[in-house]
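Geometric and topological summary
These are the residues of each chain, in order.
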Amino acid sequence: KQLTIMNNPPKVLVTNPTVPSIGIELLTEKGCQVIIVENESREEILKKVKGVDAVFWFSHEKFSNDILDAAGSQLKVIGTMSAGYNHFNLDELKKRGIKLGNTPKVLNEAVADVAILLSLAASRRIQEGRLAIENNQWKNTDAQWLLGTDIANSTVGIIGLGGIGQAIAKRLKGFDVKQVLYTGHKEKPEGEELGAKFVSLDTLNRESDFIIVAVPLTNETNGMCNEDFFSKMKKTAVFINVSRGQVVDQPALIDALKNGTIFAAGLDVMTPEPLPSDHEMLKLPNLVVLPHIGSATKNTRDAMSTLTAQNILRGLGGEEMFTPVV
Ligand SMILES: O=C(O)[C@H](O)CO
């Protein structure tokens, strides 16, 4: 259905000045008037959103109703430069007839790389080793010092075999793992192609040497990795999260790491983000933390910016977005 554009040229608000220029240039080339939020403040967004036809969103902040109200009823298109869309209220967007597009697929490889990076870093005790150097505790005459666990011949369990989960499974082939397990709503043909075995969460939990979480944040996955979850893992197992911090009951993970319920963990996502520099998680020797850099490569962020702009242009033109959410 053709959308009625109120403004000519259509106005697009870009909520962050650091968005790669390739997407912004595409919008301008195609005749949009781009308005950029310079300091990312809520006040500036609320002020500048008034009267725009589309919003290009790059922020982990909630996209709340006050932004929709401030924009006005002509706002019909939103592109979020992220694969995750848990910061949107989809029912509200549907009610107001607003289309939302996200950027899945283009970041699968980059995020999968970080999942592997964290798996190796946590199992090989990178954080503990680094701290030992800094504290003059390098025990190079101790043959038992800093012994890690092997990824070769291990069982790796992937929770969520979507695009990112599949890219992780593909990479694992290069590490000579014994077996890849996965769980999710249903068995997937891609699982068979990748040689991954569909199992229940409980089986995955008990049998895996590495557990990698790659699910979107939903009501169902919120707090899924809790005390019960960690208690079922092997004591020697490694836990990795590249999805959203809220999927993990973080105090339960901290306890599991402190008590030796599990061997180690690696997180690209956590609560809150940014993590305060004095947070207790940064003091745990068996935890590797990254500042949510899963999709942070030059090529990936350029691709995300381009896809967001393309979705917005298609939305403004009344066409189906390349990667629509609603
Ligand atoms: O959802 C995503 O795209 C990543 O977490 C980066 O925001």
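Residues numbered from 1 in each chain as written. Predicted model: local features only at pLDDT ≥ 70, side-chain atom pairs only at ≥ 80, totals over all residues. Heavy atoms only, no water.

Some remarks on the sheet that holds strand 9 (residues 210-213)
Strand order in the open sheet formed by seven strands is 8-7-6-9-10-11-12, and the pairing between neighbours is parallel. Looking at the sheet topology across the chains shown, the edges are occupied by strand 8 (196-198) and strand 12 (287-289). On average, each strand axis in the sheet is inclined to that of its neighbour by 20°, with strand direction left out of account. As paired strands, strand 6 (residues 155-159) and strand 9 are joined by four bridges and run parallel to one another. When the bridges of strand 9 are listed, Ile159 appears paired with Val213. On the sheet, helix 7 (residues 163-172) packs against strand 6, strand 7 (179-183) and strand 9 and is oriented at approximately 165° with respect to strand 6. (Pairing = 2+ DSSP bridges. Helix = DSSP H or I, 4+ residues; strand = E, 2+ residues; numbered from the N terminus. Axes fitted to C-alpha atoms, helices over the stretch in contact; angles between N-to-C directions. Contact = heavy atoms within 4.5 Å.)

Regarding the side chain of His279
Summarising the element assignment, His279 is placed in the loop between strand 11 (264-267) and strand 12. Exposure remark for His279: the relative accessible area of 17% places this residue in the buried category. A polar contact of 3.0 Å, which involves the side chain of His279, links it to the backbone nitrogen of Met281. When near neighbours in sequence (up to four residues on either side) are disregarded, His279 contacts Gln250 and Ile254. (Buried < 20%, exposed > 50% of the residue type's maximum accessible area, 1.4 Å probe, protein only. Polar contact = N/O pair within 3.5 Å; in protein donor to acceptor, adjacent residues only side chain to side chain.)

What to know about the site of the ligand
The immediate surroundings of the ligand are formed by His60, Ser82, Ala83, Gly84, Leu107, Arg244, His292, Ser295 and Met304. Here an oxygen atom of the ligand sits 2.7 Å away from a polar atom, N or O, in the side chain of His292. Here the residues of the shell around the ligand are counted per class, giving three nonpolar, five polar and one charged. (Near = heavy atom within 4 Å. Nonpolar A, V, L, I, M, F, W, Y, C, P; charged D, E, K, R; others polar.)

A look at the pairing of strand 6
The buried fraction of strand 6 is high, at five of five residues. Residue alternation in strand 6 divides its side chains into two sets, Thr155, Gly157 and Ile159 and Val156 and Ile158, and both sets are buried. Direction of pairing for strand 6 relative to strand 7: parallel, over a ladder of five bridges. Bridged to Val156 within strand 7 is Val180. A crossover links strand 6 with its parallel partner strand 7, the connecting element being helix 7, and its sense is right-handed. (Right-handed = clockwise from strand over helix to strand, strands pointing away.)

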